[in-house]
Amino acid sequence: MVIYLILIALLGSAAGLEAEKVGIVHMHGFWQAYDEQHHLDFKNFVEEKTGVKVHLIDAFNDLAMPPAESSITPLNVQVPEILKMVKNIAAQYDKIIAVGFSQGGVIWRAMIESWDNHNVDTFISIAAPQSGQAGIPPKYLASLRNLPFVKMAQSQGQTMSEADLKLLPYDPRVQQTFAPSNYYRNPATYQYYMSTDFFPKLNNEAGDAEEKRRQKMNFERLRKLILIGGPDEETIVPWQSEMFGFITADDKIVPMKKTTFYKKNLFGLKTLEKKGAIKKCIKEGLKHNDFPNSSEVLNDCVLPAIQDVLSG
């Protein structure tokens, strides 16, 4: 009997050690900081329910005009810097769960695609514009108007038409100073989008053949991809971008399987879907900033995904 109890204790200790080999790394979104209450709520809920440690990435926080580093900093600067931090955390674990909210979801996808032999088991994308941002939300417009060269133009009496505003995010000066412009992808101005440096390369629409192959291989390395979003979203345009869907120039919704990303399998989306790796978790009645700590999202979308990793 004593030997039996000792064996049970040893097995329990081994199980505890195994659980410690999984960690969660969470990246915040635009105009946010790592310690926003809804991110702290996420961390506290997950750690209490699963015992898995959640690392909130303390980098590129809040909103500050260049040259200060913040969430507005271009993504080709943010991604490699954050990846350095992530690799140090990931080295502590056998496998990690990547969680990205909003812009943080785009950052996480970029890190996964550029990280050879990564140990990301599952990627949870929360209300993130994975197919891009087709429109300019009002609060983004306010930030654009505060960029130095825009303010100077306005002070000189120059006005911007609606057509000018649709093209403004493609301006190299904006691309180099305003992170959301890096995933701006208006279907009516696609030729201008293809002249930008970040998102077309992330989507394997541009770039050299070897880099495309490498990025696709790294993305296909994921075991699970969890896409979380919903139709009452007011920031991501269209909200279907959160599900890798998009919109046409005449405002028709294109579901994921009808997109070029999927049909041409540009970066491995079709590969993941064909092996049953993609789960979509759509929740109604939630605004953009409700998603990170919504009890419905946490219980129905996030917790099952984490438990699936732990059970594996």
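Here, the structure is the one placed above.
Only a predicted model underlies this, so the values are computations on that prediction, with no experimental measurement involved.

(A) Spotlight on the layout of surface pockets. Looking at the largest pocket, its volume works out to about 330 Å³. What lines the largest pocket is a set of 17 residues, and nearest its centre among them are S114, F198, K201, E211 and Q215. For the lining of the largest pocket, the secondary structure elements donating two or more residues are α3 (75-90), α4 (103-114), α10 (199-202) and α11 (209-220). Its residues assigned to classes, the lining of the largest pocket comprises seven nonpolar, five polar and five charged.

(B) Quick peek at the state of the cysteines. Scanning all chains against the criterion turns up one disulfide. Here C281 is linked by a disulfide to C301, with a sulfur-sulfur distance of 1.9 Å. The sign of the S-S torsion, about -65°, decides the handedness of the disulfide formed by C281 and C301: left-handed. Of this pair, C281 sits in strand β8 (residues 278-282) while C301 sits in helix α14 (residues 295-311), and the two are 20 residues apart along the sequence. C301 matches C281 in its accessibility class, with the two residues each being buried.

(C) A look at the nonpolar core. I82, V86, I96, W108, L225 and L269 are the most contacted members of the largest nonpolar core, which has 55 residues in total. Ranked by residues supplied to this core, first place goes to α3 with seven residues. What L225 contacts, discounting residues up to four positions off in sequence, is F123, F219, F244, L269, L272, A277, I278 and K279. Residues I24, V46, I126 and A305 belong to the second largest nonpolar core, which totals 27 residues.

(D) Molecular detail of the packing of α4 against α11. Where α4 contacts α11, the axes come no closer than 7 Å and their chain directions differ by 110°. Here α11 runs roughly perpendicular to α4, going by the angle between their axes. For the pair α4 and α11, the crossing hand works out as right-handed. Side by side, α4 and α11 meet where R109, I112, E113 and S114 of the first sit next to R214, Q215, N218 and F219 of the second. Partitioned by chemical class, the residues of the contact of α4 with α11 number two nonpolar, three polar and three charged.

(E) Structural context of unusual backbone geometry. Residue P238 is reached from V237 by a cis peptide bond, and omega for that bond is -10°. Mapped onto the secondary structure, P238 falls in the loop between β5 (224-229) and β6 (246-247). Phi angles above zero are rare outside glycine, and W31 is one such case at about 65°. Topologically, W31 is positioned in the loop between β1 (22-27) and α2 (37-50). For W31, a relative accessible area of 33% puts it in the partly exposed group. In this structure, D251 is a non-glycine residue whose phi angle is positive, near 65°.

(F) Region of the structure containing empty space enclosed by the protein. For the structure shown, the criterion picks out two cavities of 30 Å³ or more. By volume, the second largest cavity is sized at about 50 Å³. Taken together, 11 residues make up the lining of the second largest cavity; nearest its centre are I136, Y140, P169, P180 and Y184. For the lining of the second largest cavity, the residue count by class is eight nonpolar, three polar and no charged.

(G) Examining the packing of α3 against α4 more closely. Viewed as axis vectors pointing N to C, α3 and α4 meet at an angle of 70°, and their least axial separation amounts to 9 Å. What the angle tells us is that α3 and α4 run roughly perpendicular. Judged by the sense of rotation from one axis to the other, the crossing of α3 with α4 is right-handed. Contacts between α3 and α4 pair L75, Q78, V79, I82, L83 and V86 from the former with Q103, V106, I107, W108, A110, M111 and S114 from the latter.

(H) Main features of the sheet that holds β8. Strand order in this open sheet of six strands is β2-β1-β3-β4-β5-β8, and the pairing throughout is parallel. Whereas interior strands pair on both sides, the edge strands pair on one side only; in this sheet they are β2 (54-56) and β8. Put simply, the sheet's adjacent strands are angled 15° from each other on average, direction ignored. With five bridges joining them, strand β4 (residues 120-126) and β5 adopt parallel strand pairing. Pairing of I126 across the sheet is with I228, part of β5. In the packing of α14 onto the sheet, contacts are made with β1, β3 (95-101), β4, β5 and β8, and the angle to β5 comes to roughly 175°.

Criteria and thresholds
- Residues numbered from 1 in each chain as written.
- Predicted model: local features only at pLDDT ≥ 70, side-chain atom pairs only at ≥ 80, totals over all residues.
- Heavy atoms only, no water.
- 1 Å grid on protein atoms, 1.4 Å probe; cavity = no way out; pocket = protein on both sides within 12 Å on 5 of 7 lines; lining within 4 Å.
- Points joined across faces, edges and corners; volume = space filled by probe spheres on them.
- Helix = DSSP H or I, 4+ residues; strand = E, 2+ residues; numbered from the N terminus.
- Nonpolar A, V, L, I, M, F, W, Y, C, P; charged D, E, K, R; others polar.
- Disulfide = S-S within 2.5 Å.
- Buried < 20%, exposed > 50% of the residue type's maximum accessible area, 1.4 Å probe, protein only.
- Core = buried A, V, L, I, M, F, W, Y, C linked by side-chain atoms within 4.5 Å.
- Contact = heavy atoms within 4.5 Å.
- Axes fitted to C-alpha atoms, helices over the stretch in contact; angles between N-to-C directions.
- Parallel < 35°, antiparallel > 145°, perpendicular 65-115°, else oblique.
- Left-handed = near helix turned anticlockwise from the far one by under 90°.
- Pairing = 2+ DSSP bridges.

Treat this as a map of the structure, not an account of what it does.
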